Amino acid sequence: MKDKSLISITDFSTEEILRILEIAAEFESNPQPHLLDGKVVATLFFEPSTRTRLSFESAVNRMGGRVIGFSDPNASSVSKGETLKDTVRMVSNYCDLIVMRHPLEGSSRYASEVATVPVINAGDGANQHPTQTLLDMYSIKKTQGRLDNINIFMVGDLKYGRTVHSLLMAMAPFNPTFNFISHPKLKMPDEYKLFLDQKGVKYYEHQEFTDIISQADIIYMTRVQRERFSDLMEYEKTKDTYVLRNSMLANTKPTMRILHPLPRINEINQDVDQNPKAYYFDQARNGVFARQAVISAVLGLKS
Ligand code: CP
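Residues numbered from 1 in each chain as written. Predicted model: local features only at pLDDT ≥ 70, side-chain atom pairs only at ≥ 80, totals over all residues. Heavy atoms only, no water.

**Student:** Help me understand the environment of D211, please; the structure alone is not making it clear to me.
**Tutor:** Tracing the sequence through the fold places D211 in the loop between β7 (202-206) and β8 (218-221). Spatially, the C-alpha atom of D211 lies 52 Å from that of V91, the residues being 120 residues apart in sequence. (Helix = DSSP H or I, 4+ residues; strand = E, 2+ residues; numbered from the N terminus.)

Okay, structure coming up:
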């Protein structure tokens, strides 16, 4: 994985993904505070973020590296009209690795083509969020003891939610069953269903899920992505379609866990937080280990 950019989760083979999960577990049990001594990582965030940016920066700091970058593009020369191409070429001179989030789909792939250092996609529009997928898989493996034969309920904004797109692609080799629960206007896009069809993966689409919730191993809740709607009336109509409440969890498997990439708005009621099946805050913590693993693999410090 040395010098490899990570733009789509499919840039890593299943074997490489499994190796990243092993390395993440090594970091969780054995922090390596000097592994990145002398290395500089640039975090270029053209869109807001709490978890992704801060967990990347925490990961670098915990391994002894240094972070440069911006979280507000208006504080960079982008605000003067500098192109993405020039920005990325310049920043390549100052660092060993670029982590980038951008609202345009395909922007991270483009950045990887003009950069002279590896690029990690921290989310490009509604397209992909591959490091979120790695921490999601790490969380699934940690809570279920396996990746194979997991019944995953994906609930909410399956159209614009980039995390569900990356996750279904990466889980496809492990014989999952997917249940997609969404408002008709926010259904899983056809291209991802076609991908699953080609891989022979089972999936079912629903508008309700309370009658089948007992089958779930993982309930993956998602926020309706307000920032992706061109018509905010559509957002208002769809935003509160699904609200997971503690009372709905009575008939779920004891081993079932609730994931959410966060931030949440209303889709998980706060009364769920105390339920031992709520795993989303631990999931966010796992992001540090997964990102340590990706950074160290791409920089050739772990193989
Ligand atoms: N999960 C996630 O991408 O969160 P942030 O938008 O806060 O980075």
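More follows now that the structure is in view.
**Student:** What exactly am I supposed to notice about the environment of M188 here?
**Tutor:** As for its placement among the helices and strands, M188 is situated in the loop between β6 (177-181) and α7 (190-199). Considered as a pair, M188 and R264 are 76 residues apart in the sequence and their alpha carbons are 19 Å apart.

**Student:** Explain the site of the ligand to me, please; I cannot follow it from the model alone.
**Tutor:** If you check the shell around the ligand, you find S49, T50, R51, T52, R101, H129, Q132, P261 and L262 and nothing else. T50 is positioned with one of its backbone polar atoms (N or O) 2.8 Å from an oxygen atom of the ligand. Measuring from an oxygen atom of the ligand, one finds a side-chain N or O atom of T52 at 2.7 Å. A molecule is said to occupy a pocket when more than half its atoms come within 2 Å of that pocket's grid points, and by this definition the ligand occupies the largest pocket. (Near = heavy atom within 4 Å. Polar contact = N/O pair within 3.5 Å; in protein donor to acceptor, adjacent residues only side chain to side chain. 1 Å grid on protein atoms, 1.4 Å probe; cavity = no way out; pocket = protein on both sides within 12 Å on 5 of 7 lines; lining within 4 Å. Sits in = over half its atoms within 2 Å of the grid points.)

**Student:** Teacher, can you tell me more about the packing of helix α1 (residues 14-29) against helix α9 (residues 280-298) here?
**Tutor:** The description of two packed helices rests on the angle between their axes and on the distance between the axes. Between α1 and α9, the shortest axis-to-axis distance is 8 Å and the interhelical angle comes to 115°. The two elements α1 and α9 cross, and the hand of that crossing is right-handed. Residue-level inspection shows I20, I23, A24, F27 and E28 of α1 in contact with α9, the latter providing R285, F289, A290, Q292, A293, V294, S296 and A297. Looking at side-chain class alone, the contact of α1 with α9 contains 9 nonpolar, 2 polar and 2 charged residues. (Axes fitted to C-alpha atoms, helices over the stretch in contact; angles between N-to-C directions. Left-handed = near helix turned anticlockwise from the far one by under 90°. Contact = heavy atoms within 4.5 Å. Nonpolar A, V, L, I, M, F, W, Y, C, P; charged D, E, K, R; others polar.)

**Student:** Help me understand the sheet that holds strand β3 (residues 97-102) in this model?
**Tutor:** Within a sheet, neighbouring strands are paired by backbone hydrogen bonds and run either parallel or antiparallel to one another. Spatial ordering of the open sheet is given by β2-β1-β3-β4, a layout of 4 strands whose pairing is parallel. Each edge of the sheet is formed by a strand with only one pairing partner; in this case those strands are β2 (66-70) and β4 (119-124). On average, adjacent strands in this sheet sit at an angle of 15° to one another, irrespective of strand direction. In terms of strand pairing, β3 meets β4 through 4 bridges, oriented parallel. Bridge assignment links V99 to a residue of β4, and that residue is I120. Strands in contact with helix α3 (residues 84-92) are β1 (40-45) and β3; relative to β3, the strand with the most contacts, it is inclined by about 155°. (Pairing = 2+ DSSP bridges.)

**Student:** Any chance you could explain the packing of aromatic side chains here in plain terms?
**Tutor:** How two aromatic rings sit relative to each other is set out by the distance from centre to centre and by the angle between their planes. Applying the stated criterion to the full structure yields 7 aromatic pairs. Following the ring pairs from residue to residue traces out a cluster consisting of Y160, F229 and Y235. The ring centre of F27 lies 5.4 Å from the NZ or CZ of K302, which sits over that ring. (Phe/Tyr/Trp six-rings, centres within 6.5 Å; stacked < 30°, edge-to-face > 60°. Lys NZ or Arg CZ within 6 Å of the ring centre and 35° of its normal.)

**Student:** Mind showing me how you'd approach the sheet that holds strand β9 (residues 257-259) here?
**Tutor:** As summarised here, the arrangement of the 5 strands in space is β7-β6-β5-β8-β9, forming an open sheet in which the pairing is parallel. A single partner strand is all that each edge strand has here, and the edge strands are β7 and β9. Taken pair by pair, the neighbouring strands of this sheet meet at an average axis angle of 20°, ignoring direction. In this sheet, β6 lies alongside strand β5 (residues 151-155) in parallel orientation, the contact comprising 5 bridges. Bridging from a neighbouring strand, N151 pairs with T177 of β6. Most of the contacts of helix α6 (residues 162-171) go to β5, to which it runs at about 165°, and overall it touches β5, β6 and β8.

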